[in-house]
Amino acid sequence: MTCKQYALFGQPIEHSLSPRIHAAFARDSAVAMEYVAHASSAADFEAKLQAFADSGGDGANVTQPLKALAATLAETLSEVAQRAGVVNTLTRRGGQWHGDNTDGAGLVHDLAERLRLDLRGRRTLMLGAGGAAAGVLPALLDAGVESVTIVNRTPQSAERLSERHDDPGRVNARYWKDLATLGAFDFVVDATSAGHSGVALELPFSITGARTLAVSLSYGAAAARFLAWARAAGCSDVQDGLGMLIEQAAASFEIWHGLRPDTDPVHRELGAGRGEAALLGSD
Ligand code: ATR
């Protein structure tokens with residue numbers, strides 16, 4: 001059996017659990033493959049991806065800050081990736097890259113199916129408007145959240161992401177400085193990469209209520225500050241992004257290998273679902 005080649009591109013990825021997760025799926029599914037992390041910046045990603053393709057690469061995951069760039073480098077895009085405008089999964093097909101996005105499906109699967117949290121009707125606040133936010137937004141809307149208010153450090157990106165969805169009744173952008181005037185949300189998603197640089201977001205407690213679900217799309221040390229803030233704010237459910245990471249990896253694995261891995265052993269092994277930033281690392 002030939003060993004197929006997969007890779008992860010992004011920065012920072014030194015502590016990423018993705019190689020370990022894909023190795024566990026491959027072992028349990030008896031798939032022969034190699035999955036290697038390549039630190040890559042926006043400046044060198046295109047060249048590194050080309051070199052990976054030239055060396056026989058079959059597929060890749062893409063993480064921060066490269067998801068929007070990956071969408072421009074893929075020759076074809078799935079419907080999900082077209083809607084999101086960002087790509088986290090690349091597959092080599094007929095000498096071309098096909099782009100997909102499994103972040104949204106991974107997040108919704110983790111929250112709604114694995115953790116049995118009802119997302120329907122939730123007034124949602126999205127912190128951040130980069131690749132992670134864009135990737136999960138369509139799936140959250142499809143899962144039935146009532147509305148999504150996007151705030152971002154750079155307001156123009158929040159505006160652009162909101163306009164992309166062209167649904168002013170449900171998706172809108174606001175200024176970060178106005179957060180204290182927006183009332184309480186039922187669902188607060190930290191989709192920023194601030195935690196990777198150890199920066200604490202400035203957030204008023206007034207955006208949460210007793211029944212607020214707070215979710216970081218990061219995990220490990222990168223999620224710790226937001227999760228601590230959410231607990232201090234009294235949120236009823238506080239989750240990190242480890243469960244999403246495992247579920248989006250499973251969806252990528254299925255795209256590449258044609259079979260859905262059992263994620264339960266990996267959730268158990270990595271300790272997802274405790275709402276704790278138990279692991280050092282970031283993706
Ligand atoms: P990812 O794929 O993780 O979304 P990204 O596309 O680089 O990575 O996007 C990072 C997001 O985190 C952006 O929304 C960014 O805000 P800007 O658009 O203003 O850059 C946000 N972000 C990063 N560091 C931040 C910080 N210290 N405070 C607030 N937002 C931050």
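Residues numbered from 1 in each chain as written. Predicted model: local features only at pLDDT ≥ 70, side-chain atom pairs only at ≥ 80, totals over all residues. Heavy atoms only, no water.

Peer 1: Please give an account of helix α1 (residues 18-29) that cites residues and values.
Peer 2: Because an α-helix packs 3.6 residues into every turn, residues spaced three or four apart end up facing the same way. For α1, which comprises twelve residues, the first-to-last C-alpha distance of 16 Å matches the rise-based estimate of 16 Å (1.5 Å per residue) to within 8%. Within the sequence span of α1, burial applies to Ser18, Ile21, His22, Ala24, Phe25 and Ala26. Against β1 (4-10), β2 (33-39), β3 (59-62), α9 (242-257) and α10 (264-270) lie the buried residues of α1. Following α1 by one or two positions, Ala30 adopts a phi angle in the positive range, close to 55°. (Helix = DSSP H or I, 4+ residues; strand = E, 2+ residues; numbered from the N terminus. Expected span 1.5 Å × (residues − 1). Buried < 20%, exposed > 50% of the residue type's maximum accessible area, 1.4 Å probe, protein only. Contact = heavy atoms within 4.5 Å.)

Peer 1: Hey, could you go over the sheet that holds strand β7 (residues 123-127) for me, with residue numbers and the actual values?
Peer 2: One open sheet accounts for six strands, arranged β9-β8-β7-β10-β11-β12; its pairing is parallel. The sheet is open, and its two edges are formed by β9 (171-174) and β12 (237-239), each paired on a single side. Adjacent strand axes in the sheet meet at a mean angle of 15°, parallel and antiparallel pairs treated alike. Pairing of strand β11 (residues 213-216) with β12, which is carried by three bridges, proceeds in the parallel orientation. Residue Ala214 lies in a different strand from β12, and its bridge partner there is Val238. Along the sheet face, helix α6 (residues 131-142) touches β7, β8 (147-151), β9 and β10 (187-190) and points at about 170° away from the line of β7. Packed onto the sheet, helix α8 (residues 221-232) meets β7, β10, β11 and β12 and runs at close to 170° relative to β11. (Pairing = 2+ DSSP bridges. Axes fitted to C-alpha atoms, helices over the stretch in contact; angles between N-to-C directions.)

Peer 1: Now, about the site of the ligand: what can you tell me, with residues and values included?
Peer 2: What surrounds the ligand is a group of 16 residues, the closest being Gly131, Ala132, Asn152, Arg153 and Thr154. Within the side chain of Thr154, a nitrogen or oxygen atom sits 2.5 Å from an oxygen atom of the ligand. Protein contact buries 80% of the 640 Å² of open area that the ligand shows by itself. Classifying every residue of the shell around the ligand gives six nonpolar, eight polar and two charged. (Near = heavy atom within 4 Å. Polar contact = N/O pair within 3.5 Å; in protein donor to acceptor, adjacent residues only side chain to side chain. Areas by Shrake-Rupley, 256 points an atom, 1.4 Å probe, with all protein chains shown as cover. Nonpolar A, V, L, I, M, F, W, Y, C, P; charged D, E, K, R; others polar.)

It is worth stressing that arrangement in space is one thing and function is another; only the former is reported here.
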